[in-house]
Amino acid sequence: MVNEFAKAIKDKGSPYTNCFGFLDGTVRPICRPTNNQKEFYNGHRRTHAVKFQSVVLPNGIIASMFGPVQGRRHEAYILHQSQIINQLEERFYDINGQPYHLYGDPAYPLLPHLMVPFKRHNLTNLKLKCNSRMSKVRECVEWEFGKIIAIFSFLD
């Protein structure tokens, strides 16, 4: 099944052959808590919040949802706490032993099972094209968070 997801992503324009899903986080604002305000304050968004991390497959299914986590926490911390990389390392390889991987945004670290965009530092045309193609392919992960909020509007 994983190879079918990887093929679907490749067919949509991904330059990667073993990318089977997308990793992303979302920040959901909350009311200012009475206690532990610093734990929930997200300086980037300038609001108190909780964060969630999800793995979205190309068929629109959310394969993994982790959270809520305090709003001040970085995506790399949430990734570590979720143990998703450990799960991938245990059993997500193709028949040639190459790792299947997720594709995340630049906030995540580059790992064998997690690809991220090339950093904007002396990028070649090939790397720019790769970033552009993957940006278009990974839009679906943003849609899933939008669908959840549309269905459960009380969460917004």
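See the structure above.
Rules behind the numbers
Residues numbered from 1 in each chain as written. Predicted model: local features only at pLDDT ≥ 70, side-chain atom pairs only at ≥ 80, totals over all residues. Heavy atoms only, no water. Phe/Tyr/Trp six-rings, centres within 6.5 Å; stacked < 30°, edge-to-face > 60°. Helix = DSSP H or I, 4+ residues; strand = E, 2+ residues; numbered from the N terminus. Buried < 20%, exposed > 50% of the residue type's maximum accessible area, 1.4 Å probe, protein only. Salt bridge = Lys/Arg side-chain N within 4 Å of Asp/Glu carboxyl O. Arc of directions from axis to C-beta.

1. Brief notes about the packing of aromatic side chains
- The full count for this structure, using the stated rule, is 3 aromatic pairs.
- Ring geometry for phenylalanine 20 versus phenylalanine 92: centroids 5.3 Å apart, planes at 20 degrees, classification stacked. Taken together, the residues phenylalanine 20 in strand S1 (residues 19-29) and phenylalanine 92 in the loop between helix H4 (84-91) and strand S5 (101-103) connect sequence positions 72 residues apart. For the pair formed by phenylalanine 20 and phenylalanine 92, the shared burial category is buried.
- Judged by centre distance (6.4 Å) and plane angle (85 degrees), the rings of phenylalanine 20 and tyrosine 100 are edge-to-face. Placement of the pair is phenylalanine 20 in strand S1 and tyrosine 100 in the loop between H4 and S5, with a sequence separation of 80 residues. Each of the two residues, phenylalanine 20 as well as tyrosine 100, counts as buried.

2. Section: the pattern of salt bridges
- Evaluated as defined, the whole model comprises 5 salt bridges.
- Close ionic contact of aspartate 24 with arginine 138 constitutes a salt bridge, the shortest N to O distance being 3.5 Å. You can see aspartate 24 sitting in strand S1 and its partner arginine 138 sitting in the loop between helix H5 (125-137) and helix H6 (139-151), a full 114 residues away along the chain.
- Taking the relative accessible area as the measure of exposure, aspartate 24 reaches 2% and is therefore buried.
- Between lysine 51 and glutamate 75 there is a salt bridge; the shortest N-O distance is 3.7 Å. On the criterion of sequence distance, the pair formed by lysine 51 in strand S3 (residues 47-56) and glutamate 75 in helix H3 (residues 75-82) is long-range, its members being 24 residues apart. Across the pair, exposure class does not vary: lysine 51 and glutamate 75 are buried alike.

3. Details of the environment of serine 135
- Looking at the element boundaries, serine 135 is found in helix H5.
- For the pair formed by serine 135 and asparagine 36, sequence separation is 99 residues and the distance between their alpha carbons is 36 Å.

4. Remarks on unusual backbone geometry
- With omega at 5 degrees, the peptide bond leading from glycine 67 into proline 68 counts as cis.
- You will see that asparagine 36, though not glycine, has its phi angle at about 55 degrees, which is positive.
- Checked against the element boundaries, asparagine 36 lands in the loop between S1 and helix H2 (37-40).
- Positive phi, close to 55 degrees, is recorded for arginine 46, a residue that is not glycine.
- Counting through the fold element by element, arginine 46 comes out in the loop between strand S2 (41-42) and S3.

5. Brief notes about H3
- Restricting attention to buried positions, one finds in H3 the residues Glu75, Ile78, Leu79 and Ser82. Angular distribution of buried residues about the axis of H3 spans 105 degrees; they occupy a single face of the element.

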